[in-house]
Amino acid sequence: MIIVTTNTVPGKEIKDLKGLVKGNCVQSKHIGKDILAGLRTIVGGEINEYTEMMKEARQKAIGRMVEEAKERGANAIVAMRLETSAIMQNTCEIIAYGTAVHVD
């Protein structure tokens, strides 16, 4: 599956639009990791526990978007975007979305 943030795929021609595809993941903090992250905010530096959590959530959201595109017969996704939002305390949602297309 080709995934690009541009509206076209360089060197390819869009033959068919398959429509909007999306995938999301709502992720919550793990209490153990939350304690470590809290300690890290005192000392400063990157909070690796949250970086990993967000990386996993992005991968899941993109994977779900790709599955929806495959179900529609697409072989590429153009104009792909990622958004995040807080759902409730200690949770976040990552949404991946784009336009599924068939390219030659």
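Residues numbered from 1 in each chain as written. Predicted model: local features only at pLDDT ≥ 70, side-chain atom pairs only at ≥ 80, totals over all residues. Heavy atoms only, no water.

Caption draft 1: Focus on the environment of N75. In this structure, N75 sits in the loop between α2 (48-71) and β3 (76-86). Taking the relative accessible area as the measure of exposure, N75 reaches 27% and is therefore partly exposed. Sequence separation between N75 and I2 is 73 residues, and the spatial gap between their C-alpha atoms is 6.5 Å. With residues near it in sequence (within four places) discarded, N75 still touches M1, I2, V101, H102 and V103. Separated by 2.8 Å, the side chain of N75 and the backbone nitrogen of V103 make a polar contact. (Helix = DSSP H or I, 4+ residues; strand = E, 2+ residues; numbered from the N terminus. Buried < 20%, exposed > 50% of the residue type's maximum accessible area, 1.4 Å probe, protein only. Contact = heavy atoms within 4.5 Å. Polar contact = N/O pair within 3.5 Å; in protein donor to acceptor, adjacent residues only side chain to side chain.)

Caption draft 2: The arrangement of the nonpolar core in detail. Residues V21, M65, A69, I77 and A100 are the most contacted members of the largest nonpolar core, which totals 13 residues. Mapped by element, the contributors of at least two residues to this core are β2 (14-28), α2, β3 and β4 (91-103). Considering every element that reaches this core, the biggest residue donor is α2, with 5 residues. Counting residues in hydrophobic clusters, the runner-up holds 6 residues, among them V9, A76, V78 and V103. (Core = buried A, V, L, I, M, F, W, Y, C linked by side-chain atoms within 4.5 Å.)

Caption draft 3: Spatial organisation of a nonpolar patch on the surface. Taken together, V26, I87 and M88 make up a surface patch of nonpolar side chains, about 300 Å² in accessible area. Note that M88 resides in the loop between β3 and β4. We classify M88 as exposed; its relative accessible area is 56%. (Patch = residues over 30% accessible without salt bridge, like charges linked within 9 Å, V, L, I, M, F, W, Y side chains within 5 Å. Areas by Shrake-Rupley, 256 points an atom, 1.4 Å probe, with all protein chains shown as cover. Salt bridge = Lys/Arg side-chain N within 4 Å of Asp/Glu carboxyl O.)

Caption draft 4: Representation of the pairing of β4 within the structure. Pairing of β2 with β4, which is carried by 13 bridges, proceeds in the antiparallel orientation. Each residue of the ladder has a partner; that of L17, found in β4, is V101. By the bridge criterion, 9 bridges tie β3 to β4 in an arrangement that is antiparallel. Paired with E83 across the bridge in β4 is I95. In sequence, β3 turns back onto β4 through a hairpin of 4 residues, with N90 there showing a positive phi of about 70°. (Pairing = 2+ DSSP bridges.)

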